[in-house]
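Each chain is listed here by its residues.
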Amino acid sequence: MRRSSGVLLPVSALPSPYGIGTLGEEAYRFIDFLAAAGQRYWQILPLGPTSIGDSPYQPFSSHAGNPYFIDLDALVRAGLLTGEEAFAPDWGSGPTRVDYGKIYAARLPVLRRAFDRAGVALRAEAAAFAEENAAWLPDYALFMALKRRFGMRAWTEWEDAEIRLRRPGAVAAWAERLRDEVEFFGFIQYLFYRQWGALQAYAHEKGVLLIGDLPIYVAMDSADVWAGPQNFLLDGANAPLAVAGVPPDSFSACLLYTSPSPRD
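Just so you know, these numbers come straight off a predicted model, no measurement behind them.

Asker: Describe the overall build of the chain, with residues and values.
Answerer: Helix and strand counts for the chain stand at 10 helices and three strands. Counting from the amino terminus, helix and strand elements in the chain follow one another as β-α-β-α-α-α-α-α-α-α-α-β-α. With the principal axes as the frame, the chain shows a C-alpha extent of 75 × 55 × 35 Å. Residues counted as buried form 38% of the 264 residues belonging to the chain. In the chain, 69% of the contacts between residues at least 6 apart in sequence involve partners at least 24 apart. Summed over all atoms, the accessible surface of the chain reaches about 14700 Å², with 56% contributed by carbon and sulfur. A gap of 2 Å separates the mean positions of the 24 positive and 30 negative side-chain charges of the chain.

Asker: Any details on the pattern of salt bridges? Residues and values, ideally.
Answerer: Note that side chains of opposite charge can pair when their charged atoms are close. As enumerated under the stated definition, the model contains 17 salt bridges in all. One salt bridge connects Arg148 with Glu181, and the closest N-O pair in it is separated by 3.3 Å. In this pair, Arg148 is assigned in helix α6 (residues 137–149) and Glu181 in helix α9 (residues 179–205), connecting sequence segments 33 residues apart. Take Glu181: its relative accessible area is 18%, and that puts it in the buried class. Among the ionic pairs, Arg153 bridges to Glu159, the shortest N-O distance being 2.6 Å. You can call Arg153 partly exposed: its relative accessible area is 32%.

Asker: Explain the sheet that holds strand β3 (residues 209–211) to me, and be specific about the residues and the numbers.
Answerer: If you trace the three strands from one edge of the open sheet to the other, you get β1-β2-β3, paired in parallel fashion. The open sheet has two edge strands with one neighbour each: β1 (6–8) and β3. Averaged over all pairs of adjacent strands, the angle between strand axes in this sheet comes to 20 degrees, irrespective of strand direction. Bridge analysis of strand β2 (residues 41–43) against β3 gives three bridges, and the strand direction is parallel.

Asker: Outline the packing of α6 against α9, listing residues and values.
Answerer: Here α6 crosses α9 at 125 degrees, and the two axes come no closer than 8 Å. If you check the angle between α6 and α9, you find them oblique. With respect to the hand of their crossing, α6 and α9 are arranged in right-handed fashion. Listed contacts from α9 to Leu137, Tyr140, Ala141, Leu142, Met144, Ala145 and Arg148 of α6 are Glu181, Val182, Phe185, Gly186 and Gln189. Here the contact of α6 with α9 is built from residues that sort into eight nonpolar, two polar and two charged.

Here is what the cut-offs are and how they apply
Residues numbered from 1 in each chain as written. Predicted model: local features only at pLDDT ≥ 70, side-chain atom pairs only at ≥ 80, totals over all residues. Heavy atoms only, no water. Helix = DSSP H or I, 4+ residues; strand = E, 2+ residues; numbered from the N terminus. Buried < 20%, exposed > 50% of the residue type's maximum accessible area, 1.4 Å probe, protein only. Contact = heavy atoms within 4.5 Å. Areas by Shrake-Rupley, 256 points an atom, 1.4 Å probe, with all protein chains shown as cover. Lys, Arg positive; Asp, Glu negative; His and termini not counted. Charge placed at Lys NZ, Arg CZ, Asp CG, Glu CD. Salt bridge = Lys/Arg side-chain N within 4 Å of Asp/Glu carboxyl O. Pairing = 2+ DSSP bridges. Axes fitted to C-alpha atoms, helices over the stretch in contact; angles between N-to-C directions. Parallel < 35°, antiparallel > 145°, perpendicular 65-115°, else oblique. Left-handed = near helix turned anticlockwise from the far one by under 90°. Nonpolar A, V, L, I, M, F, W, Y, C, P; charged D, E, K, R; others polar.

Below is the structure:
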C-alpha cells in the first residue's frame, strides 16, 4: 500500500459568504490545494441534515444531505436564484464561526425560491432522482414536511398518533395534504446529491480520495426511526425500550478500564 496522508476539514469550515462552507468553489479550491501539496485524502465530517444542537452526529436522516451545504452560487448560475436573493439574508457576521440560528432561519426560504423557479425538465430530473432513491427519499421528504407542520418537534411528540405511528391511511392522507412540501424536500436532496456527485468526480480526477464519517448511533428523531421502527428496540408506542450512548453521559454508568499488571 502506498504511503499517503491527508487533511481533516469539515465542509462547514470552508470559506463562504453564506455563513457556512458549501460544495461550491472553495471546496474545489481545497481539492486543488490538496493535490498540489501531495495529499491524497480529504476527510470530512458527516454530511447529514443537522437537528437541534446542529451536531453532524445527530442528523434527521442517515441518507439525506444537509441543505446548508448546497452551493447557492451554482443556483444563481442556473437561473434559479438571483445574486441579490442569495446575498440578501443575514448569514451571520463572524468569518470564523457558523451562526446556525441565522442559517436555519434563512436557508430553506432561499432554497424554496429556487424550487419555485424550477422548470418542468428540472422537476422531472428531481422526480427521477426520487424514484432512484425510493428506499429512503420519500420517507425522509414526508418526515421533514411533517416536522415543519408540527413545529419542528420530535416525531415522538406529534399530536396526531396515526401519523406518529405511520398508519397507512394517515401516511397517504398526509402525503397528499403536504404534497408540495414533500416535493420541495425531495428537490433539495436532488440539488445536494447533484453537487456532491460533481465534487466527488472532480476530487477523483485530481487523485484525491474522500474519507467520510458516520454517527455511531442513528438519531431517535430521524426519518430512519420513524419510518423503520421495526429496526430499532422500541415498544408498541414506538418509544425506546433502552437508550445507548457514548460514556460519559447522564444516563450511563461510567465504566473504568484498568490495564492488567505487567508480568514479572
